[in-house]
Amino acid sequence: MKGVLVRPERCIGCRHCEVACALEHSQSKDLFIMLREIPLSEPRIHVEVGINFLTFPNRCRHCDPAPCMQVCPTNALERDEATGSVVVNYNKCISCTACAIACPFGVIQFKEVYQVKLKREVNAKCDNCMDRQLEGRVPACVEACKTGALEFGEINELIRVSRKDFTVRMTKSQGAEVEVPKIPENIKAFRGVLEKLASEGLFKED
Amino acid sequence: MNNDLFSFKKEAEKRALDKTDQEIIEKALSEGVETAWDRLEKQQPQCGFGQLGICCNRCALGPCRIDPFSEEGPIRGVCGATADLIVARNLLDDLAVGAAAHSDHGREVVEVLLDTAEGKTQGYKITDEEKLKAIAKEYGIEVKKKTNEEIAKEVALAMLEEFGTIKNRLQFTERAPEKTREMWKKYGIMPRSVDREIVEAAHRIHMGVGADHLNILLHALRTSLSDGWGGSMMATFSSDILFGTPTPTSSVVNLGVLAYDKINIVVHGHNPILSEMILKASEDPELLSLATKNGAKGINIVGMCCTGAELLMRHGIPIAGSLLDQELAIATGAVEAMIIDYQCIFPSITSTASCYHTKVVSTSEKAMVPGAIYKPFKPETALDTAKEIIKLAIENFPNRNPNRVKIPDKSVKMMAGFSEEAIRKALGGSYKPLIDAIVSGKIKGAAGVVGCNNPKIKMDYGHVTLVKELIKRDILVLETGCAAVACGKAGLLLPEAADLAGKGLKPVCKALGIPPVLHMGSCVDNSRILILAANIAKEIGVGIEDLPVVGAAPEWYSQKAISIGAYFVASGISVVLGIPPKIFGSTNVIDLLTNKLRGVVNATFAVEPDPIKAADIIEVEIQRKRKALGI
């Protein structure tokens, strides 16, 4: 099974993935033209701030079975067998939002898309860049991510890294001194400063 | 945030420390008026590459960025620049912009001094003859048998020459102690001219010029010195000559200085050549009677940001607030006109004003703002233009909607006007009493707490908490700019605030009748802190880098603050920053600025947002320097 794994500790909130996503789903696929397109292509991946200015790139997980597919009354959501992606047949979508209610990750947004001629908003969620995958390319968000926060590949392979990290953590008490996942000292220092900044003022948690 | 009054109140408490600010923030929230805090929230998340300083958008090979986590991602820009180089170039860029802002402001004042000397200006005159002559002597200008105007002309031309490249020397650097000057010469950071260092900075950050981060950052120090001991110092001295060297004065501060029954005019920006004329014109009998005719009881000129500090220092005019107060002042609904020149004016200020009757008047050809009324301010017609602007404000008074006006009840008293000369005078003509107090340990040292507001920190919390902590620990505080406004609002700029000081500092303040926190002026007036430090060092016979003096910018935001921070450090004064500069993408640059610089200028930068911990760092640094002095 191939897919995108998120390594949140590596996300620095640059939102480059958002721009690449919007570009990929625009009509022209040209950065300088897309901003004048109607409807405007908008990102399907969302980088938002959690606590202490830390960010997380939130993206459709392409579940199987997918709760959104199960509740869709018009079968507008379909599974692409080749890539395992959950995709929307925009013209079948009736904007009832049942899928958004069922989605555990809150990643479904209703937008106008150029594929629908009538002026209405439909489920415009991540399509896993299926077309790119069929050409042997990685999703646009993954390509844009320069910090390795978004990785595409054989999921079990990607998880293997996390598993190894976890093993090291669990055995730390037995003498292992390696901190994992390894974050450079300067980045740790910077995040420490941000954490302090968040402790007073506008971003203080209620 | 919910749209109810309770949520607004809670949000306001998060945004600002001061109650009067909170009151108007609540009003702005309930009226749906956008402010910097809202915009900061909408900007989240802010790009990590930018924050770490590892984004380079300088040439068309890019934009490029460096993977801060691993070597699997890009570790060099297209040109080959590493994280170290990109961070250093970005920092030099920011610093040069800040130095340019101060120095271009300075140049304008010197030009007005020249025009005044030549009799070409309207409303300006030579006010401080003593300072003029003292500075003339420094430049080797003969003062005997010459009129003030003749001397001023030569002084102004001598200063203007220092912006260029022929002379290759800045006169006022000679005010620094010999030991400090030797240090600058040794490391090749003695500034040669104002414009030259800034232009060279722009050259050095072009692709394929400097590739060594250390070499680039040494030039950054030199550029900052050309600001502190050049452009900014010329701004301060020329302003003193034209408008008078400040002496201790009293005034009031916070948004409560606005009046229900008067024409409220906010002067906002930096250069006193504008605000001084506005103040002068506001005393015009014809305009006063026009104000009465329009139903007002007078004309109330209040200051915002540094131009406010300039007027406060010399005339004791009230201060409405600092950077983050500019939108709040308008949101009181009581401002007839906001008159702006340049620097720190939110580009959206006219949108804010459009929610009320407030008219924004822009006056500088360098700083036009869409939606503002443009009244170009020229030295030869300055007073006429100032009168025209005030007339416009008066005629706007009937448009004020009393139902939408809310002014906080109570302003706070404050003292200001502590120029270096005034402090020396208060001490009885020499620094001996202060030096004795420091040697005996009654006063451990001094801290220059300066800089802006930044919505990333609860407004004024950083300044006020740090300063209270410092005076409690017997550290005398010197302030300028927004930092001074913050402490003014908190009542710390009053002699009574000495009660909050430690048992060493308190009696010294009481004996001299001064506050434990001294307001020394606007941001270009940080040059006064340099002069103060230089004079104390010379009196003891050491370098500035040996003094138990530290700087802090708890809430800084501006490129100018980077230049100020750097000229403090380059002059030997360590600086603690409350907001992280964009350097965290490079371990080598961090190490250089926070550690290795100690071996060069005996001072470093530190980053610490927690004001109590920042006070700890300051105290440790002061103790380190005391120990080295053997006291």
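In what follows, the accompanying structure is described. (Residues numbered from 1 in each chain as written. Chains lettered and ligands numbered in written order. Predicted model: local features only at pLDDT ≥ 70, side-chain atom pairs only at ≥ 80, totals over all residues. Heavy atoms only, no water.)

**Comments concerning the side chain of A:Asn123**
Residues and elements named next belong to chain A. Here Asn123 is to be found in strand S7 (residues 122–123). Of the residues examined, Asn123 reaches a relative accessible area of 1% and is grouped as buried. In this structure the side chain of Asn123 is engaged in a polar contact, spanning 3.0 Å, whose partner is the backbone nitrogen of Lys125. Not counting residues up to four positions away in its chain, the partners in contact with Asn123 are Leu77, Val88, Tyr90, Cys93, Cys99, Ile108, Gln109 and Phe110. (Helix = DSSP H or I, 4+ residues; strand = E, 2+ residues; numbered from the N terminus. Buried < 20%, exposed > 50% of the residue type's maximum accessible area, 1.4 Å probe, protein only. Polar contact = N/O pair within 3.5 Å; in protein donor to acceptor, adjacent residues only side chain to side chain. Contact = heavy atoms within 4.5 Å.)

**Points about the sheet that holds strand S13 (residues 517–519) of chain B**
Residues and elements named next belong to chain B. Ordered by their spatial adjacency, 6 strands build an open sheet running S13-S12-S11-S14-S15-S16, and the pairing between neighbours is parallel. The sheet is open, and its two edges are formed by S13 and strand S16 (605–607), each paired on a single side. The mean inter-strand angle of the sheet, taken between neighbouring strand axes irrespective of direction, is 25 degrees. Inspection of the sheet shows strand S11 (residues 445–449) paired to strand S14 (residues 549–553) by 4 bridges, in the parallel sense. Following the sheet pairing, Ala446 is matched in S14 by Val549. (Pairing = 2+ DSSP bridges. Axes fitted to C-alpha atoms, helices over the stretch in contact; angles between N-to-C directions.)

**Focus: the packing of helix H19 (residues 461–472) of chain B against helix H26 (residues 611–629) of chain B**
Residue and element names in this part refer to chain B. Relative orientation of the contacting elements H19 and H26 amounts to 45 degrees, with a least axis distance of 8 Å. Relative to H26, the element H19 lies oblique. Judged by the sense of rotation from one axis to the other, the crossing of H19 with H26 is right-handed. Along the contact surface, H19 presents Tyr461, Gly462, Thr465, Leu466, Glu469 and Leu470, while H26 presents Pro611, Ile612, Ala614, Ala615 and Ile618. For the contact of H19 with H26, the per-class residue count stands at 8 nonpolar, 2 polar and 1 charged. (Parallel < 35°, antiparallel > 145°, perpendicular 65-115°, else oblique. Left-handed = near helix turned anticlockwise from the far one by under 90°. Nonpolar A, V, L, I, M, F, W, Y, C, P; charged D, E, K, R; others polar.)

**Considerations on the packing of helix H10 (residues 213–243) of chain B against helix H22 (residues 526–540) of chain B**
Residue and element names in this part refer to chain B. With their axes 9 Å apart at the nearest point, H10 and H22 run at an angle of 100 degrees to one another. Taken as axis vectors, H10 and H22 run roughly perpendicular relative to one another. In this structure, H10 uses Gly228, Trp229, Ser232, Met233, Thr236, Phe237 and Asp240 to contact H22, whose residues at the interface are Ser527, Arg528, Leu530, Ile531 and Ala534. Of the residues contributing to the contact of H10 with H22, the split by class is 6 nonpolar, 4 polar and 2 charged.

**Describing the interface of chain B and chain A**
A common way to report how large an interface is uses the accessible area buried once the components associate. Chain B puts 40 residues into the contact, and the matching count from chain A is 32 residues. Summed over both partners, the interface of chain B with chain A comes to about 3100 Å²; 68% of that surface belongs to carbon and sulfur atoms. It is B:Lys14, B:Pro45 and B:Phe69 that lose the most area in chain B upon contact with chain A, and together they represent 26% of the buried surface on that side. Taken together, the links from chain B to chain A amount to 2 salt bridges. Put simply, A:Glu200 and B:Lys458 hold a salt bridge, and the shortest N to O gap is 3.5 Å. Here chain B and chain A share 6 residue pairs in polar contact (both at pLDDT 80 or more) between them. Residue composition of the side of chain B that touches chain A, grouped by class: 18 nonpolar, 10 polar and 12 charged. (Buried area = accessible area lost by both parts, 1.4 Å probe. Salt bridge = Lys/Arg side-chain N within 4 Å of Asp/Glu carboxyl O.)

**Considerations on H26(B)**
Residues and elements named next belong to chain B. The end-to-end C-alpha separation of H26 is 27 Å, in line with the 27 Å expected for 19 residues at 1.5 Å each. When we look at burial in H26, the residues that qualify are Pro611, Ala614, Ala615, Ile618, Glu619, Glu621, Ile622, Lys625 and Arg626. Relative to the axis of H26, the buried residues are bounded by an arc of 165 degrees and lie together on one face. In H26, those exposed residues whose orientation departs by more than 90 degrees from the buried face are Val620, Lys627 and Ala628. In the core, the buried residues of H26 are packed alongside helix H18 (432–440), S11, H19, strand S12 (475–479), S14 and strand S15 (574–577). Two to three positions downstream of the cap, the backbone nitrogen of Ile612 sits 3.0 Å from a side-chain oxygen, assigning the N-cap of H26 to Asp610. Looking one or two residues past H26, Gly630 carries a phi angle of roughly 75 degrees, positive in sign. (Expected span 1.5 Å × (residues − 1). Arc of directions from axis to C-beta.)

**Some remarks on the packing of aromatic side chains**
Residues and elements named next belong to chain B. According to the stated counting rule, one finds 7 aromatic pairs over all chains in the structure shown. Plain terms: the ring middles of Tyr124 and Phe243 are 6.1 Å apart, the flat faces sit at 55 degrees to each other, and that makes the pair tilted. Residue Tyr124 is found in the loop between helix H5 (83–117) and helix H6 (129–138), and its partner Phe243 is found in helix H10; the two are separated by 119 residues along the sequence. For the residue pair Tyr124 and Phe243, the accessibility class agrees, reading buried in each case. Ring pairing ties together the aromatic residues Tyr139, Phe172 and Phe237, which thus form one cluster. Positioned above the aromatic ring of Phe346, the side-chain terminus of Arg39 is 5.3 Å from the ring centre. (Phe/Tyr/Trp six-rings, centres within 6.5 Å; stacked < 30°, edge-to-face > 60°. Lys NZ or Arg CZ within 6 Å of the ring centre and 35° of its normal.)

**Focus on the side chain of B:Glu162**
Residues and elements named next belong to chain B. Of note, Glu162 is situated in the loop between helix H7 (148–161) and helix H8 (178–186). A residue is classified by how much of its surface remains accessible, and Glu162, at 1% relative accessible area, is buried. Contact partners of Glu162, with chain neighbours within four places excluded, come to Tyr139, Lys167, Arg169, Leu170, Gln171, Ser193, Val194 and Met234.

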